[in-house]
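These are the residues of each chain, in order.
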Amino acid sequence: MTSLALMSIGRTTSRAAVASAFAPAAFTSRFTSSPTSSIAVRSLHPSTNVRPFSHRSTDESMSFISSVRSQITELFSTTEEEIDPGVIEGTDLVVLKYPHPALRAPNVEISLEELTGPGSEISRIAKEMFLVMYATNGVGLAAPQVGINKRLMVYNESGDRKKWMQEVVMVNPKIVEYSTAKDVENEGCLSFPDMRGNVERSKWIKVEALNLKGKKIKKKFTGWEARIFQHEYDHLDGVVYVDRLTEEGRKEVQPKLNELVAKFGEGGAL
C-alpha cells in the first residue's frame, strides 16, 4: 500500500501501515487487562487465546504483542498490488519507470497564472493524474512520474475512486516541519515495479501548499497520510524511495534495478 508511489505508494502498504500503527497503540501503550481489550484482541483472530497482561511476564507480553501485530499485518496486507494498466481511457499520461530522466529532473513551481480554476491546464493534469493513479491501484502520484516536471502531486489515502471526497491536490507543497519521531514501513512505487523496501520517515509533518484555486493551505499530516505525502514530496525533489533504503535493502532490489536500467537503455538517470 504499498502505491505509498504509492503512492505511487500502493494500497497494500496502507493496510500494513494501519496495522503497525494500531498494534503499538493497542498493546504497548498502558495496556490493561480490561474486558474491552480482551474482546478487541479476540475479534482480530478467533484462535487468539487472550490472557490478561497482569498474569504475564515481560517476555511473554512482548511475544504476545509481536504475535498479534503479525496477525494484524497479515490481515491488512492481502489486497491488490499496484499494476501497469497500459493505455488508460481519458488520458495519454503513463507512469514512467526508473531510470527515466524525468524522475531525476528539477521540478518547477507552478505560477498563480496557471491556476485559473477548474478549467485550467493544471486542473486538467491533476484530474488525469487521478485517472492514472486509480488505474494502477495507487494511492498517490507525483507529476514527474508521468513526465510533467512541475511541483504538483495528488493522492487519495483510501485508493478508492468512489471516495472522491478524500482526493487531495497539492500545488507547490512544502514541508515546513518534521517530527523527530520516526517509524519504518514497507513501501513500493509505481515507477519501480515488483520492488519493495523498508523506509524510515517522520511520523508527522506540517505542510504548506496551494490548492487549484491558488489559495494557501496549511495542514498537519500524521500516520499513513504523512507517509504518503513524504513519498510523493520526495519525487518533487528528484528523490525516489530506493534512495532511502538501507544498504541491505538496496542490495535486495539491486537486481531489479539493473533489469530496469538495461531495459531503458542509454540516457537513463540513475
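Residues numbered from 1 in each chain as written. Predicted model: local features only at pLDDT ≥ 70, side-chain atom pairs only at ≥ 80, totals over all residues. Heavy atoms only, no water.

Section: the overall build of the protein
When helices and strands are counted, the protein shows six helices and seven strands. Listing every helix and strand of the protein by position from the N terminus yields α-α-α-α-β-β-β-β-β-β-β-α-α. Taken across its 270 residues, the protein has 46% of its residues classed as buried. Working note: accessible area of the protein is about 13,700 Å², and carbon and sulfur atoms make up 53% of it. (Helix = DSSP H or I, 4+ residues; strand = E, 2+ residues; numbered from the N terminus. Buried < 20%, exposed > 50% of the residue type's maximum accessible area, 1.4 Å probe, protein only. Areas by Shrake-Rupley, 256 points an atom, 1.4 Å probe, with all protein chains shown as cover.)

Some thoughts on the side chain of N172
You can see N172 is positioned in strand β3 (residues 168–178). Relative accessible area serves as the criterion here: at 12%, N172 is assigned to the buried category. Within polar-contact distance, the side chain of N172 engages the backbone nitrogen of I110 at 2.8 Å. The residues touching N172, leaving out its near neighbours within four places in the chain, are E109, I110, R151, E208, A209 and L210. (Polar contact = N/O pair within 3.5 Å; in protein donor to acceptor, adjacent residues only side chain to side chain. Contact = heavy atoms within 4.5 Å.)

A look at the packing of aromatic side chains
In this structure the tally under the stated criterion is six aromatic pairs. Residues F221 and F229 carry aromatic rings whose centres are separated by 5.1 Å and whose planes lie at 20° to one another, so their mutual orientation is stacked. Taking relative accessible area as the criterion, F229 reaches 0% and is therefore assigned buried. Ring pairs connect the aromatic residues Y155, F221, F229 and Y233, which therefore count as one cluster. (Phe/Tyr/Trp six-rings, centres within 6.5 Å; stacked < 30°, edge-to-face > 60°.)

Here we look at the pairing of strand β6 (residues 204–210)
When β3 meets β6, the two strands line up antiparallel, connected through five bridges. If you follow E177 over to β6, its bridge partner there is K206. With seven bridges connecting them, β6 and strand β7 (residues 216–222) associate as antiparallel partners. Its bridge partner lying in β7, A209 is registered against I217. Turn length for the β6-β7 hairpin, with the two strands adjacent in sequence and antiparallel, is five residues, and the turn residue G214 shows positive phi of about 85°. (Pairing = 2+ DSSP bridges.)

Things to note about the confidence of the model for the protein
Averaged over all residues, the pLDDT of the protein is 79; the fraction at 70 or higher stands at 69%. Taken element by element, the protein is modelled with least confidence in helix α2 (residues 35–44), mean pLDDT 31, and with most confidence in β6, mean pLDDT 98. Low pLDDT, under 50, characterises residues 1–8; the stretch is placed with 74 contacts to residues that sit more than four places away or in other chains. A low-confidence stretch, residues 12–50 (pLDDT under 50), is modelled with 72 contacts involving residues beyond four sequence positions or located in other chains. (pLDDT = per-residue confidence, 0-100.)

Details of the pattern of salt bridges
Taken as a whole, this structure holds 14 salt bridges when the rule is applied. Across the salt bridge formed by D183 and R227, the nearest N and O atoms sit 2.8 Å from each other. Placement of D183 in strand β4 (residues 182–189) and of R227 in helix α5 (residues 223–236) is noted, with a sequence separation of 44 residues between them. What makes R227 buried here is its relative accessible area of 3%. The closest approach of N and O atoms between R227 and E187, which form a salt bridge, is 2.6 Å. Separated by 40 residues along the polypeptide, R227 in helix α5 and E187 in strand β4 bring together distant segments of the chain. The residues R227 and E187 share a single accessibility class, namely buried. The network of salt bridges with common partners includes D183, E187, R201, R227, D234 and R244. (Salt bridge = Lys/Arg side-chain N within 4 Å of Asp/Glu carboxyl O.)

Describing α5
The end-to-end C-alpha distance of α5 is 21 Å, a good match for the 20 Å that 14 residues give at a rise of 1.5 Å each. Buried residues dominate α5, accounting for 13 of its 14 residues. A positive phi of about 75° marks G238, the residue just after α5. (Expected span 1.5 Å × (residues − 1).)

What about unusual backbone geometry?
Note the cis peptide between Y98 and P99, where omega equals 10°. Mapped onto the fold, P99 is located in the loop between α3 (58–77) and α4 (121–135).

Digging into the environment of E177
Inspection of the secondary structure assignment puts E177 in strand β3. Look at E177 and you get partly exposed, because its relative accessible area is 33%. Here the alpha-carbon distance between E177 and K220, two residues 43 residues apart in the chain, equals 9.1 Å. Leaving out residues up to four positions away in the same chain, E177 has contacts with W204, I205 and K206.

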